[in-house]
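Summary of the model geometry
Given next are the chains, with one letter for each unit.
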Amino acid sequence: MKRTGLFTALIVSLALTACAPKDAGPSLNSQIAAAVAATLAAIPTNTPYPAPTPYPTPTAMSLDGLFCGYGFCIGHPDYLYPFDLNAANTRVPSDYASGKLVGYTSDLLLLVVWQADASDLQYMLGVVAQASGGALTGTMDIRLVGPYNVFYQPVQPPPDSTLSYGGAAAWGCGERAFAWLVYTAQDATAPGLLDSALSRFTCGE
């Protein structure tokens, strides 16, 4: 009888143990929160794009005070506008091989002459002086202006000119020779005007 009672007590004890509530552990909400946090942590972080490198804005070349045509460019005062003297006088326009430009205001006259297959720069000085009605005076000076050996000589304007001072220059570029002349109202301004003209001169060499 004692053995039967002991066995019965053991069965009841096992049953009660099996029916006892288990440890609930983490709640469903906390499990979801943990899963979301782990998912967010696993998402790769986007690498930020590098900041754009600033580049200087290209500056367009100014055309103010620059004549370009017939295969060359030359500077001139921006208030004076050269035009084709051959086309105006003979209706036969200048071309790459030869031509004349003229521009004038009340205090300045500009003349540019060019000729292909001409190498005598002294001759070109005489051509530009004669074309303007003036005469070469003083002493010819040879100077280096940029890459060009330039012949320069003062010029006396024609007697009927309202401008009292002048200067002429000649230089070679490629297969052509160029001659330049100005008459001005003020003395000693011609060399500065020549330097300004040649600082922007190109002939497509």
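Described below are features of the structure shown in this document. (Residues numbered from 1 in each chain as written. Predicted model: local features only at pLDDT ≥ 70, side-chain atom pairs only at ≥ 80, totals over all residues. Heavy atoms only, no water.)

1. Re the packing of aromatic side chains
Two aromatic rings are characterised by how far apart their centres lie and by the angle between their planes. For the structure shown, the criterion picks out 11 aromatic pairs. Both rings, one in Tyr70 and one in Trp114, keep their centres 5.1 Å apart while their planes meet at 35°; by these two values the pair is tilted. With Tyr70 in the loop between strand E1 (66-69) and strand E2 (72-75) and Trp114 in strand E5 (residues 108-116), this residue pair connects regions lying 44 residues apart in the sequence. A residue is classified by how much of its surface remains accessible, and Tyr70, at 25% relative accessible area, is partly exposed. A network of ring pairs unites the aromatic residues Phe67, Tyr70, Phe72, Trp114, Tyr148, Trp171, Phe178 and Phe201 as a single cluster. The ring of Tyr152 has Arg143 sitting right over it, with the charged end atom 4.7 Å from the ring centre. We note Arg176 situated over the ring of Tyr96; from NZ or CZ to the ring centre the distance is 3.7 Å. (Phe/Tyr/Trp six-rings, centres within 6.5 Å; stacked < 30°, edge-to-face > 60°. Helix = DSSP H or I, 4+ residues; strand = E, 2+ residues; numbered from the N terminus. Buried < 20%, exposed > 50% of the residue type's maximum accessible area, 1.4 Å probe, protein only. Lys NZ or Arg CZ within 6 Å of the ring centre and 35° of its normal.)

2. Some details on the pairing of strand E7 (residues 141-145)
Where E7 lies against strand E8 (residues 148-156), five bridges are found, and the strand directions are antiparallel. Each residue of the ladder has a partner; that of Ile142, found in E8, is Phe151. (Pairing = 2+ DSSP bridges.)

3. Regarding the state of the cysteines
Evaluated as defined, the whole model comprises two disulfides. Paired through a disulfide, Cys68 and Cys73 show a sulfur-sulfur distance of 2.0 Å. In this structure the cystine formed by Cys68 and Cys73 twists about its S-S bond by roughly 115°; its chirality is therefore right-handed. Overall, Cys68 belongs to the partly exposed group, its relative accessible area being 40%. Overall, Cys73 belongs to the buried group, its relative accessible area being 16%. There is a disulfide in this structure between Cys173 and Cys203, and the S-S distance comes to 1.8 Å. Handedness of the Cys173-Cys203 disulfide follows from its S-S torsion of about -75°: it is left-handed. (Disulfide = S-S within 2.5 Å.)

4. Quick word on helix H4 (residues 121-131)
Within H4, burial applies to Leu121, Met124, Leu125, Val128 and Ala129. Mapping the buried residues of H4 onto a view down its axis gives an arc of 135°, with all of them on the same face. Residues Gln122, Tyr123 and Gln130 are exposed on H4 and point more than 90 degrees away from its buried face. Those residues of H4 that are buried lie in contact with E5, strand E6 (135-136), E8, strand E9 (165-173) and strand E10 (176-184). With a side-chain oxygen positioned 3.1 Å from the backbone nitrogen of Gln122, the residue opening H4 is Asp120. (Arc of directions from axis to C-beta. Contact = heavy atoms within 4.5 Å. Polar contact = N/O pair within 3.5 Å; in protein donor to acceptor, adjacent residues only side chain to side chain.)

What is shown is where atoms sit, not what they do.
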